[in-house]
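These are the residues of each chain, in order.
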Amino acid sequence: MLKEFSVNFHNLLLSLSDAIDLANPSIASHQMRTAFITWQLSNAAGLPKERVEKLFIASLFHDIGAMSLEEKLEVHNSSIIDEEHHCILSEEIFNLSHLFEPSKNIVRHHHKPWHLWDASIQDPDVFDTQLLYLADQIEKNIDRSQYILHQVDRIGEMIENAAGDCIHSDIVKLFHEISHREDFWLDLVSPRLYSILLHAGPFQKMTIGYDNIYSVAHLFKHTIDFKSRFTATHSTGVAECAVMISKIFGLTDFEIMQMKIAGYFHDIGKLTIPNSILEKNGKLTKEEFAIIRQHTYFTYSVLKTIGGLDHIAEWAAFHHEKLDGTGYPFHVGAENLSIFARIMAVSDIFTAISEDRPYRVGMKRSQIEKILISQVENNALEKKIVHLLLDNFEEISSYVKEKQHLSRDVYDMKFSKVNFQNRSGQGRWEPAFITS
């Protein structure tokens, strides 16, 4: 077993940003491309390292508050920006991790045009937010079906028209400093942008350990779950169930810590699934279920790109694999399913069938036992793990429910649509700069 647990922070950030934008080709790498623009602008401005890094994190996750695929597409394509709908939620999400919290003011106001600011451009937060504002709008106005160098004049013209109103003239000057270079535009739309940023961008040599990895995973657990009220506590439940089973099974404290992170990340691939499918009140069609089956593939592919999380990628992503090889998406059998993956699979099924869903209420103990035993008899789940869960059912179930209740409180207070509408009273902005 591993003696140390650390990852490259930049690698982690880029992969998780990429995961958010995998949902649709029209927004693929939007946040990463926006981060590249802000990074180039901040270098031209000569900003100190700390501000560049804070702005880079804000840029990589500025739309994280657009929780569902439907919301992401609306934010990307609409000429009307609902400040309340994703900017405030982005700020709330950034508050969930001490690594993201310093960037919260930038994401909170990243759609605020210059004429609405009642502050000096010399204020670091104002200046940096204006950089992100410009970068976000440039990326949104790139036509992905056309050659990028054929669009430079059109984009430059739009920026000139927005100068002094939506964008401060100092920010426009910075854009002119970098926009005359063909390499800027070609790098921006390059399929190798991830690699370019990984090897040349901020945080290149910064390594983080367990506590900071946990902090990011904890933030993403909420991002994954809060996209729907029906999944608002699911990853919490799976992670905590896996922790309890792992303790009783006899895994080491170090292994249990990693299992918790795997549980937090296990459904990150669900960011690619439309809420119309996740919240469907009825049986899924064959075509809809085919879309559902992609989520574990994306969990694996995202986590596998993060050096140091290779093992966690398998523990997290194999939760729908079966011992007989009939699971998905890799159809691996018992010989390739570690005890960690087997615990995660049992934890996921137990949590899922215990929760309310659009088409049914959470199941009672007798129903849960029946389903789990049936899965053992069909050679889908590990018998030893299932019986360990059932033998300690009350202890595990009450612990999981307690932890889920805490997550539900966070969701209800900060992220549910009803409470959000009740506590917000701001309107919608219509900045002239957005044209597509």
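These figures come from a predicted structure and were not determined experimentally.

Asks: Which parts of the structure should I look at to understand the packing of helix α20 (residues 365–377) against helix α21 (residues 383–391)?
Replies: The axes of two packed helices give the description: the angle between them and the distance between them. Running from N to C, α20 and α21 cross one another at 165°; their axes reach a closest spacing of 9 Å. When the axis of α20 is compared with that of α21, the two are roughly antiparallel. Two packed elements cross with a definite hand, and for α20 against α21 that hand is left-handed. Contacts between α20 and α21 involve R365, E369, L372, I373 and V376 from the first element and K383, V386, H387, L389 and L390 from the second.

Asks: When you look at unusual backbone geometry in this model, what are you seeing that I'm missing?
Replies: In this chain, Y328 is followed by P329 through a cis amide linkage whose omega measures 5°. Position of P329 among the secondary structure elements: in the loop between α18 (310–317) and α19 (339–354). At S29, a position not held by glycine, the phi torsion is positive, near 65°. The residue F203 is not glycine, and still its phi comes out positive at about 65°. As for its placement among the helices and strands, F203 is situated in the loop between α11 (193–200) and β3 (207–208).

Asks: Teacher, can you tell me more about the layout of surface pockets here?
Replies: Which parts of space are left empty comes out when a probe the size of a water molecule is rolled across the atoms. Of the voids in this model, the largest pocket is the one considered here, and its volume is about 910 Å³. F289, H320, Y328, R357 and Y359 are, among the 34 residues lining the largest pocket, the residues nearest its centre. Listed by contribution, the elements that provide at least two residues to the lining of the largest pocket are α15 (275–278), α16 (286–292), α19 and α20. A per-element tally of the lining of the largest pocket places α19 first, with five residues.

Asks: Any chance you could explain the nonpolar core here in plain terms?
Replies: One finds F61 and F220 to be the most contacted residues of the largest nonpolar core, which totals 126 residues. The greatest single-element share of this core, amounting to nine residues, is contributed by α19. Residues contacting F220, with those up to four places away along its chain left out, are L16, I20, F61, I64, F265 and I268. Of all hydrophobic cores here, the second largest spans five residues; its members include I273, L278, I292 and Y328.

Asks: Can you walk me through helix α22 (residues 393–415) in this structure?
Replies: One full turn of an α-helix is made of 3.6 residues, so residues set three or four places apart face in the same direction. Compared with the 33 Å implied by 1.5 Å per residue over 23 residues, the 31 Å span of α22 between its first and last C-alpha is a close match. Those residues of α22 not exposed but buried are F393, I396, S397, V400, Q404, S407, Y411 and F415.

Asks: Is there a simple way to think about the state of the cysteines in this case?
Replies: Each disulfide consists of a covalent bond between the sulfur atoms of two cysteine residues. For the structure shown, the criterion picks out zero disulfides. Cysteine C87 shares no disulfide, and the gap to the nearest cysteine sulfur, in C166, comes to 14 Å. According to the relative accessible area criterion, C87 is buried, its value standing at 0%.

Asks: I tried to follow the packing of aromatic side chains on my own but got confused; where do I start?
Replies: The geometry of two aromatic rings is summed up by the distance between their centres and the angle between their planes. Taken as a whole, this structure holds 22 aromatic pairs when the rule is applied. Ring geometry for F61 and F100: centres 5.1 Å apart, planes at 55°, overall tilted. Taken together, the residues span a long stretch of sequence, with F61 in the loop between α3 (49–60) and α4 (69–77) and F100 in the loop between α5 (83–94) and α6 (104–108) at a distance of 39 residues. Both residues of the pair, F61 and F100, belong to the buried class.

Asks: Can you walk me through helix α17 (residues 295–304) in this structure?
Replies: With seven of 10 residues buried, α17 is to be regarded as a mostly interior element. Three or more residues of α17 are buried, namely H295, T296, F298, T299, Y300, V302 and L303. Its buried side turned inward, α17 meets α1 (9–20), α14 (253–265), α16 and α18.

Asks: Mind showing me how you'd approach the pattern of salt bridges here?
Replies: Here the idea is simple: oppositely charged side chains can pair when their charged atoms come close. According to the stated counting rule, one finds 16 salt bridges in the structure shown. Notably, a salt bridge pairs D136 with K140, separated by 3.5 Å at the nearest N-O pair. Of this pair, D136 and K140 both sit in helix α7 (residues 124–140), separated by four residues, roughly a single helical turn. Side by side, D136 and K140 carry an identical accessibility label, which is buried. Here R365 ties to E369 by a salt bridge, and the two come within 2.7 Å at their closest N and O atoms. One end of the pair is R365 and the other is E369, both in helix α20 and four residues apart, which spans about a single turn. Among the residues examined, E369 registers a relative accessible area of 26% and is labelled partly exposed.

The rules behind each value
Residues numbered from 1 in each chain as written. Predicted model: local features only at pLDDT ≥ 70, side-chain atom pairs only at ≥ 80, totals over all residues. Heavy atoms only, no water. Axes fitted to C-alpha atoms, helices over the stretch in contact; angles between N-to-C directions. Helix = DSSP H or I, 4+ residues; strand = E, 2+ residues; numbered from the N terminus. Parallel < 35°, antiparallel > 145°, perpendicular 65-115°, else oblique. Left-handed = near helix turned anticlockwise from the far one by under 90°. Contact = heavy atoms within 4.5 Å. 1 Å grid on protein atoms, 1.4 Å probe; cavity = no way out; pocket = protein on both sides within 12 Å on 5 of 7 lines; lining within 4 Å. Points joined across faces, edges and corners; volume = space filled by probe spheres on them. Core = buried A, V, L, I, M, F, W, Y, C linked by side-chain atoms within 4.5 Å. Buried < 20%, exposed > 50% of the residue type's maximum accessible area, 1.4 Å probe, protein only. Expected span 1.5 Å × (residues − 1). Disulfide = S-S within 2.5 Å. Phe/Tyr/Trp six-rings, centres within 6.5 Å; stacked < 30°, edge-to-face > 60°. Salt bridge = Lys/Arg side-chain N within 4 Å of Asp/Glu carboxyl O.

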